[in-house]
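Fold and contact review
Residues per chain, in single letters:
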Amino acid sequence: MDQKTNIPAKTISKIRTRRKENVDIQNLVERIIEADKAALGKAITLLESTKNTHNLKAEEIIEKCLPYASKSVRIGITGVPGVGKSTFIEVLGKTLTQLDKKVAVLAVDPSSSLSKGSILGDKTRMEELAKDTNAFIRPSPSGESLGGVARKTRETIILCEAAGYDVILVETVGVGQSETVVHSIVDFFLLLKLSGAGDELQGIKRGIMEMADAIAINKADGRNMEKAQMAQNEFSRALHLYPPKENGWIPEVLVCSATENTGIVEIWDTILQFVAKTKENGHFGQNRTQQNKNWFFQALNEQVAQFYQKNETFKKTKTNMLKAIEDQVISPFTAAKKVLESVQGQLK
């Protein structure tokens, strides 16, 4: 029972479902382009829905928003839990809104694989930024997707750009392979690190260091300042061991303190220098094009998988092959081949 309206919870749920079904798509798109936050939130909710009818409406909304997108700078921000990502993002966001920028924060929360629950606490952790009229914060449950990155993040970026947001900040959960996925959908990738916490050694690992366009040593204040500067030197030396980036950009290592709001403007200046350089040499647009192609291949693979999974012959043969594998009368590779062959005959 809702305490404000005295309406049963089930009734409220049905009303909300009907509202989703009766969406005036053209009106919603027009409101998104006019920077209506409520309309933007509604479109993202349709996008994140698991209901097929909602997904179809979301696809139409995205298609109509595409001509108004691609005008922002997309920044991925990652770092281990405890590095201060949320505080950093809030301070960076406030700095940008004070520069008359419109900022969207897509913070992807880790979902439990058992309970399917999600923290969704970023609006609480970024309380000041959430109040800013030029900011939009959207925490999204990661669900079953790779590395804790929400499957619909790419589409959400398009909607935010259509709503006029100049800067899109994508926060990763900082675990698993989420960094790789976020790196594939942003223009600039920022790695936050700590000094004096054993984090320097982790930074020498190849993968994440090669992806970073800049490294920021956070919490560089008070007694940590000297350690932060030492870490800055260590990471700078480590970066010189890697081959030059194809875009001609040389990654920088900076120090900052989100709690004291120092070094934040310098990080933004570095991002602007990166954007200017990569637009001048053409890599900025090339990277966006390649990302769209990767997006296409990912979507195609998902839809092909869904097509097969719905096929009755596929499902029946798969069940038989699983039993054969269990009885050790066929190899998994041959079994998979036979499952696909069973459907190919129907497609001729």
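Here's what I pulled together on the structure shown here. (Residues numbered from 1 in each chain as written. Predicted model: local features only at pLDDT ≥ 70, side-chain atom pairs only at ≥ 80, totals over all residues. Heavy atoms only, no water.)

Thoughts on the layout of surface pockets
Applicable threshold: A cavity here means a set of 1 Å grid points, computed over protein atoms only, where a 1.4 Å probe fits but cannot escape. A pocket is an open set with protein on both sides within 12 Å along at least 5 of 7 lines, and lining residues have an atom within 4 Å of a point. Grid points are joined across faces, edges and corners, and a volume is the space filled by probe spheres set on the points. Segments assigned H or I by DSSP are reported as helices when at least four residues long, segments assigned E as strands when at least two residues long, and all are numbered from the N terminus. Residues are grouped as follows: nonpolar covers Ala, Val, Leu, Ile, Met, Phe, Trp, Tyr, Cys and Pro; charged covers Asp, Glu, Lys and Arg; every other residue, Gly included, is treated as polar.
Its volume calculated, the second largest pocket comes out at about 360 Å³. His 183, Lys 245, Asn 247, His 283 and Asn 287 are, among the 16 residues lining the second largest pocket, the residues nearest its centre. Elements with a contribution of two residues or more to the lining of the second largest pocket: helix 13 (264-280) and helix 14 (283-310). The greatest single-element share of the lining of the second largest pocket, amounting to four residues, is contributed by helix 14. Across the lining of the second largest pocket, the residue classes break down as five nonpolar, seven polar and four charged.

Observations concerning the nonpolar core
This is how the line gets drawn: Here the nonpolar core consists of buried residues drawn from Ala, Val, Leu, Ile, Met, Phe, Trp, Tyr and Cys, with membership extended through side-chain atoms lying within 4.5 Å. The rule is simple: take the accessible area with a 1.4 Å probe, protein chains only, and divide by the maximum for that residue type; under 20% is buried, over 50% is exposed, in between is partly exposed.
Core analysis: the biggest nonpolar cluster contains 47 residues, and Ile 32, Ile 61, Leu 159 and Ile 215 have the highest contact counts within it. The dominant element in this core, judged by the number of residues it contributes, is helix 3 (residues 37-48), at six residues. Val 91, Ala 214, Ala 216 and Phe 284 belong to the second-largest nonpolar core, a separate cluster that totals 35 residues.

Observations regarding the pairing of strand 7 (residues 252-255)
Test applied: Paired strands, as defined in this entry, are two strands with at least two bridges between them according to DSSP. Looking down the strands as they point away from you, a crossover is right-handed if its path from the first strand over the helix to the second goes clockwise.
Sheet topology note: the strand 6 (residues 214-217)/strand 7 ladder contains four bridges and is parallel. Directly across from Ile 217, in strand 7, lies its bridge partner Val 255. With helix 12 (residues 224-239) bridging strand 6 and its parallel neighbour strand 7, the resulting β-α-β unit is right-handed.

Description of the pattern of salt bridges
Rules: Basic side-chain nitrogens of Lys or Arg form a salt bridge, by our definition, when they fall within 4 Å of a carboxyl oxygen of Asp or Glu.
Evaluated as defined, the whole model comprises ten salt bridges. Residues Arg 74 and Glu 161 are paired through a salt bridge, measuring 2.9 Å at the closest nitrogen-oxygen approach. Of this pair, Arg 74 sits in strand 1 (residues 73-78) while Glu 161 sits in helix 8 (residues 153-162), and the two are 87 residues apart along the sequence. Summarising the burial analysis for this pair, Arg 74 and Glu 161 share the class buried. Each of the salt bridges in this network shares a partner with another, and the network as a whole consists of Glu 127, Glu 128 and Lys 131.

Things to note about the packing of aromatic side chains
The line we're drawing: Between 30 and 60 degrees the pair is tilted, below 30 it is stacked and above 60 it is edge-to-face, where a pair is any two Phe, Tyr or Trp rings, Trp via its six-membered ring, whose centres lie within 6.5 Å. Here, a charge over a ring is recorded when the distance from Lys NZ or Arg CZ to the ring centre is within 6 Å and its angle to the ring normal is within 35 degrees.
Going through the model one piece at a time under the given rule, you end up with six aromatic pairs. An angle of 40° between the planes, with centres 6.0 Å apart, marks the rings of Phe 136 and Tyr 165 as tilted. Placement of the pair is Phe 136 in strand 3 (residues 135-141) and Tyr 165 in the loop between helix 8 and strand 4 (167-171), with a sequence separation of 29 residues. You can call Phe 136 buried: its relative accessible area is 8%. On the basis of an interplanar angle of 45° and a centroid distance of 5.7 Å, the ring pair of Tyr 308 and Phe 314 is categorised as tilted. You'll find Tyr 308 and Phe 314 in the same group, each marked buried. Taken together, the ring pairs in this structure connect Phe 188, Trp 249 and Phe 274 into an aromatic cluster. The ring centre of Phe 284 lies 5.0 Å from the NZ or CZ of Lys 279, which sits over that ring.

Topic: the packing of helix 4 (residues 52-65) against helix 8
The line we're drawing: The angle between two axes is taken between their N-to-C directions and runs from 0 to 180 degrees, where each axis is a line fitted to C-alpha atoms and a helix contributes only its stretch in contact. For this classification, under 35 degrees means roughly parallel, over 145 means roughly antiparallel, 65 to 115 means roughly perpendicular, and everything else is oblique. Should the near helix be turned counterclockwise from the far one by less than a right angle, the crossing is left-handed, whereas a clockwise turn marks it as right-handed. By definition in these notes, contact holds between two residues if any of their heavy atoms fall within 4.5 Å.
It is the contact of helix 4 with helix 8, at a shortest axis distance of 9 Å, that shows an interaxial angle of 50°. In terms of orientation, helix 4 lies oblique with respect to helix 8. As for the relative orientation of helix 4 and helix 8, their crossing is left-handed in sense. Where helix 4 abuts helix 8, its residues Ile 61, Ile 62 and Cys 65 lie against Glu 155, Ile 158, Leu 159 and Ala 162. In terms of residue class, the contact of helix 4 with helix 8 is made up of six nonpolar, no polar and one charged.

Things to note about helix 4
Each turn of an α-helix holds 3.6 residues, which means side chains three or four residues apart point in the same direction. For clarity, the threshold we go by: Multiplying 1.5 Å by the residue count of a helix minus one yields the expected span of that helix. Arc, as used here, means the arc of the directions from the helix axis to the C-beta atoms.
The end-to-end C-alpha distance of helix 4, which contains 14 residues, comes to 20 Å, matching closely the 20 Å that a straight helix rising 1.5 Å per residue would cover. Turning to helix 4, its buried residues are His 54, Asn 55, Lys 57, Ala 58, Ile 61, Ile 62 and Cys 65. Within helix 4, the buried residues cover an arc of 160° as seen down the axis, which keeps them to one side. For helix 4, exposure combined with an orientation more than 90 degrees from the buried face picks out Asn 52 and Glu 63.

Interpretation note: all reported values are geometric properties and have no functional meaning in isolation.
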